[in-house]
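Topology and contacts: notes
The chain contents come next:
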Amino acid sequence: QVQLVESGGGLVQAGGSLRLSCAASVRTFSSYAMGWFRQAPGKEREFVASISRGGGRTYYADSVKGRFTISRDNAKMVYLQMNSLKPEDTAVYYCAAAYSGGLGYVPSGNEYDYWGQGTQVTVSS
């Protein structure tokens with residue numbers, strides 16, 4: 001069983017920064033590729049970023065490329081550094097885990113097995 005708990009959301013002005021954190025309760029964290037998704041009101045959930053099991057590969061949605069950075073560490077934490085935030089980044093952000101056998105696996109869709117409860121990010125104009 002995997003439990004994911006996000007934190008770090010909040011209200012920020014456009015152009016500002018936030019760092020989201022995700023704490024994973026899992027026996028073998030290194031067996032999971034990790035990702036961030038978001039869902040804005042009235043919209044479907046969308047992929048934001050993913051990172052491979054060992055952290056060597058990352059993958060980003062075009063809408064956040066160059067502004068957001070995903071990372072992970074050996075303390076079973078995953079981070080999403082968000083810079084140059086825009087009002088359209090407003091959403092509930094979810095952390096997700098995908099069990100993976102491939103070191104370079106960076107899933108971006110329905111491959112994820114576990115989800116956190118989400119943290120709200122609001123960007124004011």
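You'll find the structure just up there.
Residues numbered from 1 in each chain as written. Predicted model: local features only at pLDDT ≥ 70, side-chain atom pairs only at ≥ 80, totals over all residues. Heavy atoms only, no water.

So, on to the overall build of the protein. When helices and strands are tallied, the protein shows 0 helices and 11 strands. In the protein, the order of α-helices and β-strands from amino to carboxyl end is β-β-β-β-β-β-β-β-β-β-β. Over its C-alpha trace the protein gives a radius of gyration of 13 Å, about what one expects of a compact globule, namely 14 Å for 125 residues. C-alpha atoms of the protein, sized along the principal axes, occupy 40 × 25 × 25 Å. Buried residues in the protein amount to 46% of all 125 residues. Partitioning the intrachain contacts of the protein with sequence separation of at least 6 by distance along the chain shows that 61% fall at a separation of at least 24. When the accessible surface of the protein is split by element, carbon and sulfur atoms take 45% of a total near 6,400 Å². Side chains of the protein give 12 positive and 9 negative charges; the mean places of these two sets differ by 6 Å. (Helix = DSSP H or I, 4+ residues; strand = E, 2+ residues; numbered from the N terminus. Rg over C-alpha atoms; globule rule 2.2 N^0.38 Å. Buried < 20%, exposed > 50% of the residue type's maximum accessible area, 1.4 Å probe, protein only. Contact = heavy atoms within 4.5 Å. Areas by Shrake-Rupley, 256 points an atom, 1.4 Å probe, with all protein chains shown as cover. Lys, Arg positive; Asp, Glu negative; His and termini not counted. Charge placed at Lys NZ, Arg CZ, Asp CG, Glu CD.)

A few words now on unusual backbone geometry. Leave glycine aside and you will find that most residues have negative phi; peptide bonds, for their part, are mostly trans. For Lys 76, which is not glycine, the phi torsion reads 65° and is therefore positive. For Lys 76, the location among the structural elements is in the loop between β7 (68–73) and β8 (77–82). Despite not being glycine, Ser 84 shows a phi value in the positive range, around 50°. Relative to the elements of secondary structure, Ser 84 occurs in the loop between β8 and β9 (91–99).

Tallied over the full model, the rule gives 1 disulfide. Residue Cys 22 pairs covalently with Cys 95 via a disulfide, S to S 2.1 Å. Between Cys 22 and Cys 95, the S-S torsion sits near -80°, and that sign places the bridge as left-handed. Here the residue Cys 22 occupies a position in strand β3 (residues 18–25), and Cys 95 occupies one in strand β9, the gap between them amounting to 73 residues. Like Cys 95, Cys 22 is buried. (Disulfide = S-S within 2.5 Å.)

The next point concerns the packing of aromatic side chains. Counted according to the given criterion, the structure contains 7 aromatic pairs. Seen in terms of ring centroids, Tyr 32 and Tyr 99 are 5.3 Å apart; in terms of plane orientation they differ by 75°. Their pairing is edge-to-face. Separated by 67 residues along the polypeptide, Tyr 32 in strand β4 (residues 32–39) and Tyr 99 in strand β9 bring together distant segments of the chain. What makes Tyr 32 buried here is its relative accessible area of 9%. A connected cluster of aromatic rings, assembled from ring pairs, spans Phe 37, Phe 47, Tyr 59, Tyr 112 and Trp 115. One cation-aromatic arrangement involves Arg 45 over Trp 115; the distance from NZ or CZ to the ring centre is 3.7 Å. (Phe/Tyr/Trp six-rings, centres within 6.5 Å; stacked < 30°, edge-to-face > 60°. Lys NZ or Arg CZ within 6 Å of the ring centre and 35° of its normal.)

On to the pairing of β8, then. Judged by how many residues are buried, β8 sits mostly within the fold: 5 of 6 residues are covered. Of the strand pairs in this sheet, β3 and β8 are connected by 6 bridges, and their pairing is antiparallel. Note that in β8 the partner of Ala 23 across the bridge is Met 77. Strand direction decides the pairing type here: β7 and β8, joined by 6 bridges, are antiparallel. Residue pairing in the sheet places Ile 70 in a bridge with Leu 80 of β8. Two successive antiparallel strands, β7 and β8, enclose a turn made up of 3 residues, where Lys 76 displays a positive phi of approximately 65°. (Pairing = 2+ DSSP bridges.)

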